[in-house]
Amino acid sequence: MTAARWSGAWARPLTDDRGPAEVDVLVPTVGRPAELATTLAGLAAQTDVDLRLVLSDQSAGQDAAAEPAVASMLRVLEAQGRPVTLLAHPERRGLAEHRQHLLDHATAPAVLYLDDDVWLEPGTVRRMLDALRDLGCGFVGSAVQGLSYLQDRRPHETAVFEPWDGPVVPEVVRRGTAGFDRLSLHNAANPAHVAAELDVETGGWVPYRVAWVGACVVYDRAALEQVGGFRFWDALPPQHSGEDVVAQWRVMERFGGAGILPSGAVHLESPTTVTDRRVDAPDVLFDDHETAPHHR
């Protein structure tokens, strides 16, 4: 593991003999420079992990990387010794296609899909990678939590919490199965409330069963590639949601997947840029009556 360079070394020349990073952080963005800058600031605070940033911008008529706050955070990452790859991807063919575009540029053994409106507590990426390695599964997620709901406790939604007792094993989740009901765990500030009851030591983590995890998920890249990644994008109309659910369900049934608590991921609670949700990708790609998806 190579930690980020501290500020006393920022002005020193970088060497060119580094191999692939431990994790590629894949960030899709469109038209949200303030949120993106906050996301990158949280990423720069992950000083205990060797990472590379791959940022793909679909903003219309503007360059997100040229916005002052975003540009400043990119310079911090580069000064820390973190490689930054900037991609312009103006043609909008849907969320799944954009995620596959990012995956096509990944080289690290692990890939962290991080949405452009998520702040990470220092140490979060390290804990996610440790969990991915220790659990030996296909993905590990840190569910985003909205801290405006911190006083809104919802025991009726968190009652489905189930820690992984023993190894993480493959499982099939579909609409209508018991596993699907776990989706309520990630509403509002539910992850923070469940974590508070677990009394986990600082820096520790507890794995638990999920329906899926949005916005902050690290995959074993080989596992994600083996199930086809997001190459199913061409079976969907450009306006869709749920592409991450499809990928995770396919990984889960082959390699298993888990969430970890405490999460450390905070949703910025900005308005979504995905306003047309009439097409839900799992409904298009999965038959609710089958026990396995059609791999493409």
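Just above, that's the structure.
Computed from a prediction, not measured in an experiment: that's the story for all the values here.

### Digging into the overall build of the protein
Each helix and strand counted, the protein has 9 helices and 10 strands in total. Over its C-alpha atoms the protein spans a radius of gyration of 18 Å, differing by no more than 12% from the 19 Å that the globule rule assigns to 296 residues. Summarising its shape, the C-alpha atoms of the protein cover approximately 55 × 45 × 35 Å along the three principal directions. Counting across all 296 residues of the protein, residues that qualify as buried make up 55%. In the protein, of all internal contacts separated by at least 6 residues, the share reaching a separation of at least 24 is 87%. Looking at the protein, you have 26 positive and 42 negative side-chain charges, and the mean spots of the two groups are 3 Å apart.

### Observations regarding the pattern of salt bridges
Where charged atoms from two side chains of opposite charge come close, those side chains can pair. This model, assessed by the stated rule, comprises 19 salt bridges. A salt bridge links Arg126 to Asp130; its shortest N-O distance comes to 3.2 Å. Of this pair, Arg126 and Asp130 both sit in helix H4 (residues 124–135), 4 residues apart, which is roughly one turn of that helix. Here Arg126 falls in the buried class, since its relative accessible area comes to 11%. Accessibility expressed as a relative area gives 19% for Asp130, which makes it buried. Taken together, the salt bridges that share partners define one network made up of Glu22, Arg126, Asp130, Arg133 and Asp134.

### Things to note about H4
Between its terminal C-alpha atoms H4 stretches 16 Å, which fits the 16 Å expected from 12 residues at 1.5 Å a residue. Across the 12 residues that make up H4, a large majority, 10, are buried. Inspection of H4 places Thr124, Val125, Arg126, Arg127, Met128, Leu129, Asp130, Ala131, Leu132 and Leu135 among the buried residues, and these make up the whole buried set.

### As for the nonpolar core
Core analysis: the biggest nonpolar cluster contains 40 residues, and Val23, Leu40, Leu53, Leu112, Leu114, Val140 and Val218 have the highest contact counts within it. For this core, the leading source of residues is H4, giving 6 residues. Once residues within four sequence positions are removed from consideration, Leu112 is found in contact with Val23, Asp24, Val25, Leu26, Val125, Met128, Cys216, Val217 and Val218.

### Regarding the packing of aromatic side chains
In this structure the tally under the stated criterion is 9 aromatic pairs. The interplanar angle of 45° and the centroid separation of 5.9 Å between the aromatic rings of Phe230 and Phe232 together place this pair among those described as tilted. The two residues Phe230 and Phe232 agree in class, both being buried. Taken together through their ring pairs, the aromatic side chains of Tyr113, Phe139, Tyr219, Phe230 and Phe232 make up a single cluster. Geometry around Phe286 places Arg174 over its ring, the cationic atom sitting 4.3 Å from the centre. Lying across the ring of Trp164, Arg209 places its NZ or CZ 3.7 Å from the centre.

Analysis parameters
Residues numbered from 1 in each chain as written. Predicted model: local features only at pLDDT ≥ 70, side-chain atom pairs only at ≥ 80, totals over all residues. Heavy atoms only, no water. Helix = DSSP H or I, 4+ residues; strand = E, 2+ residues; numbered from the N terminus. Rg over C-alpha atoms; globule rule 2.2 N^0.38 Å. Buried < 20%, exposed > 50% of the residue type's maximum accessible area, 1.4 Å probe, protein only. Contact = heavy atoms within 4.5 Å. Lys, Arg positive; Asp, Glu negative; His and termini not counted. Charge placed at Lys NZ, Arg CZ, Asp CG, Glu CD. Salt bridge = Lys/Arg side-chain N within 4 Å of Asp/Glu carboxyl O. Expected span 1.5 Å × (residues − 1). Core = buried A, V, L, I, M, F, W, Y, C linked by side-chain atoms within 4.5 Å. Phe/Tyr/Trp six-rings, centres within 6.5 Å; stacked < 30°, edge-to-face > 60°. Lys NZ or Arg CZ within 6 Å of the ring centre and 35° of its normal.

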